[in-house]
Amino acid sequence: MLLVAIIGLLMTAAAVALTARRALFLYRLATVGQPAPERVEYARDNAGAELKAQLVEVFGQRKLLKWTPSGTAHFFVMWAFFILLTVYIEAYGALVQGAVTGTPDFHIPLIGTWPVLAFLQDFIAAAALIGLGAFAVIRVKNSPKTLGRSSRFSGSHLGGAWLVLFMIFNVIWTLFLYRAAAINTGNFPYRSGAFVSEGVAAALRPLGEGANDALEHVGLLLHIAVMLVFLVIVVYSKHLHIFTAPLNVLFSRRPDGMGAAQPMRSGGKLLDFEEADPDTDVFGRGKLEDTSWKGFLDFYTCTECGRCQSQCPAWNTDKPLSPKMLILDQRDHAFKVAPYLLAGEEQRKDLHEDVLALLDKPLVGEDGVIHPDVLWSCTNCGACVEQCPVDIEHIDHILDMRRYQVMVESSFPSEAGVMLKNLENKGNPWGMSEMKRAEWVEELDFEVEIVDDKMPEDTEYLFWVGCAGALEDRAKKTTKAVAELLHIAGVKFAVLGPMEACTGDPARRLGMEFLFSMLAQQNIETLNDAGVKKIVATCPHCFNTLANEYPQLGGNYDVVHHTQLLAKLVEEGKLTPITPIEEKITYHDPCFLGRHNKVYAQPRDIMAKVPGVQTQEMHRCKDRGFCCGAGGARMWMEERIGKRINTERVDEALTTDPDRVSTACPFCLVMLGDAISEKKNSGEAKESLEVVDVAQLLIRSVKGEAPATPAS
Ligand code: SF4
Ligand code: SF4
């Protein structure tokens, strides 16, 4: 037994040394990146929320359990890691006790003979074994070899995943071997409960005492050896997430990495454009070292599961962007250039030429780590962030790279340049005169107050109309419907008219933070000077920017989306939909209303209150809703690669055979309307099909009007 103990302890020392070396390497590499003190401060100041996140996301596996078969399998395998730690305590105890006393009958003090623990250990090991079988079936069924690009594992390191499954399998069978033999030699600490081990013991018993004694020693060593090899494999592979996932969840943006775009930071401090120095300050991310340590933690934590990829509208329409590969490509590059990043000046001269050659590779570029087509394909829809089980923040990575490309390299799709110029000169993306912003008011048969310096007395809401709502013909119908509904419900509101400028959302999502900051400060000054407290917005992008991003610059308002306010007014009986609308309607969730701000119920509540309406959900809805293609400033860029995202979405809507498609965003209205028009031209959609805002449906029912002129 002494020899067994010596071998076991030597193996342990070697594995611990290798693991510690790797952990130190990973720590040093991550800290080459930029500081991110706000992550630590938030975690420190919100211990309760962080504890809840650990319980729900890590231990409860909330996101994974949404994917029922693989989530359930993962739940059991993960819990096996925790519960089987007790078996390893027993194994090491037996190793040491056997060496000292000659009898390896160690038990954990207090709980070590409790049959419930024995049962739990065997149960979770057996459940993990079934989980491994499920994983194997899922991997075979979703193999990229058969499904190609539509497999969520396409691009992942497949061999490594199979190796890890094999290692977990080895952990489990050696566990049962060692425990069964220990039962037969009388060294097992439990009298009952270990139902699987007892079954295996019955099968081994006929081999005799000597054989079982040898099997106990061999099983014990094998069980420890397999775990140690597994430990080393984990820290050198994608399974590193076993250790980094709780950290990544701890330091991720609460509540979910969506909503507000992160303000720009340089060296961990908020960047002040008036004082920024282009020579010393970091503007976005132009090279790997500009990534914060949280970005590196994202790289280490990706499990290559491909859930993000499977939901990405860009990937699903044959564009080169895969959120998974965006993370993995940066990670692989980080590991390749690590010898340079971690070396001192003197050591760098002696590095292998392959490493030095990599230094010329830009982070973004035709020959870069990330191709520009990847970077500019993103709609910021948030489907990747929503699905990622380990809270990786893809949008933050994309925005930081866009910021560098736009502000330092002036490199972005040229057509978006017109939008930026128009924002700068005219305060709206179309370059129309600001005086046109109030024209829709004249088309109403009641008066709308226009703020003249101060909010008028007794006015509750500032109605933030938005550029599309004020200037785009189809979106103006929503604006007028909302104004009319508020008027009917007796809600006092006013608009800024020519004093309103674009919130800056398209500039920010493109990466032009400077212009965003300029527009935002101008609007905040207008709103604060006018004494605005409550805002209702029809555009989810305006809503998101006003509610979640303006507080970063000192603009704090109580902001609601029009669907939230209208649903409340209906609920309170201030608006009564009475005229039936006998139509089949499918609702499209705008990403910046749904995923980014969790407003899923209210638009549906409004439709549910309209008599006659039959709603039919699309397959991809609510938190798995599919983008219309306009977010992330994509509205202002050509879509040259793959299928158009709006066409893909309308194809899905058509599967429900709707009379109308409803939505709650002026940009979705335009994108879906365009795709519906094309479908009508090609005869794939009925002539009467149209896309409308839920406010347009509501006003029709409240006022008993005939159907509105098709928006599409
Ligand atoms: S935000 Fe949307 S478009 Fe961008 S990478 Fe994620 S899923 Fe794809
Ligand atoms: S980023 Fe998240 S969802 Fe995407 S592959 Fe990695 S772990 Fe999975």
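Values in this document were obtained by computation on a predicted structure and should not be read as measured data. Counting of residues starts from 1 at the beginning of each chain's written sequence and follows it residue by residue. Written order decides the labels, with chains lettered from A and ligands numbered from 1. pLDDT decides what is reported in this predicted model: residues at 70 or higher carry local features, side-chain atom pairs at 80 or more are listed and counted, and totals for whole chains, interfaces and linings draw on all residues regardless. Side-chain numbers here rest on the full set of heavy atoms in the structure, without hydrogens or water.

## A few points about the domain arrangement of the chain
The cut-off we apply is this: In this document the domain limits rely on a domain assignment from an automatic tool or a database. The contact criterion used is simple: two residues touch if any of their non-hydrogen atoms lie within 4.5 Å. Take the accessible area each of two parts loses on contact, using a 1.4 Å probe, and add the two losses: that sum is the buried area. What makes a salt bridge here is a side-chain nitrogen of Lys or Arg within 4 Å of a carboxyl oxygen of Asp or Glu, nothing more.
Here the domain parsing of the chain yields domain 1 (2-30 + 61-236), domain 2 (250-258 + 288-407), domain 3 (422-570) and domain 4 (577-703). Each of domain 2 and domain 4 was reduced to a C-alpha centroid, and the two centroids are 32 Å apart. Domain 2 puts 23 residues into the contact, and the matching count from domain 4 is 22 residues. Considering only the surface of domain 2 that becomes buried against domain 4, Thr317, Lys319 and Thr379 emerge as the three largest contributors, covering 27% of it. Along the contact surface separating domain 2 from domain 4 lie three salt bridges.

## Here we look at the environment of methionine 407
We apply this condition: The numbering of helices and of strands both runs from the N terminus, where a helix is a DSSP run of H or I of at least 4 residues and a strand a run of E of at least 2.
The residue methionine 407 is located in helix 19 (residues 394-407) in this model. Placed 123 residues apart in sequence, methionine 407 and glycine 284 show a C-alpha to C-alpha distance of 8.4 Å. Excluding anything up to four places from it in sequence, methionine 407 contacts Met264, Phe273, Phe283, Gly511, Met512, Glu513 and Phe514.

## What about the packing of aromatic side chains?
Defined as follows: Only Phe, Tyr and Trp rings are paired, with Trp represented by its six-membered ring, and only when their centres lie within 6.5 Å; those with planes under 30 degrees apart are stacked, over 60 edge-to-face, the remainder tilted. Two limits define a charge over a ring: the Lys NZ or Arg CZ must be within 6 Å of the ring centre, and within 35 degrees of the ring normal.
With the rule as written, the count across this model stands at 19 aromatic pairs. The interplanar angle of 40° and the centroid separation of 5.2 Å between the aromatic rings of phenylalanine 59 and phenylalanine 82 together place this pair among those described as tilted. With a gap of 23 residues between them, phenylalanine 59 in helix 3 (residues 47-59) and phenylalanine 82 in helix 4 (residues 68-83) connect regions that are remote in the sequence. Through successive ring pairs, a cluster of aromatic residues spans Phe75, Phe76, Phe119, Phe123 and Phe195. The aromatic ring of tryptophan 67 is capped on one face by arginine 307, whose charged end is 5.1 Å from the ring centroid. The lysine or arginine in question, arginine 624, covers the ring of tryptophan 67, its NZ or CZ lying 4.5 Å from the ring centre.

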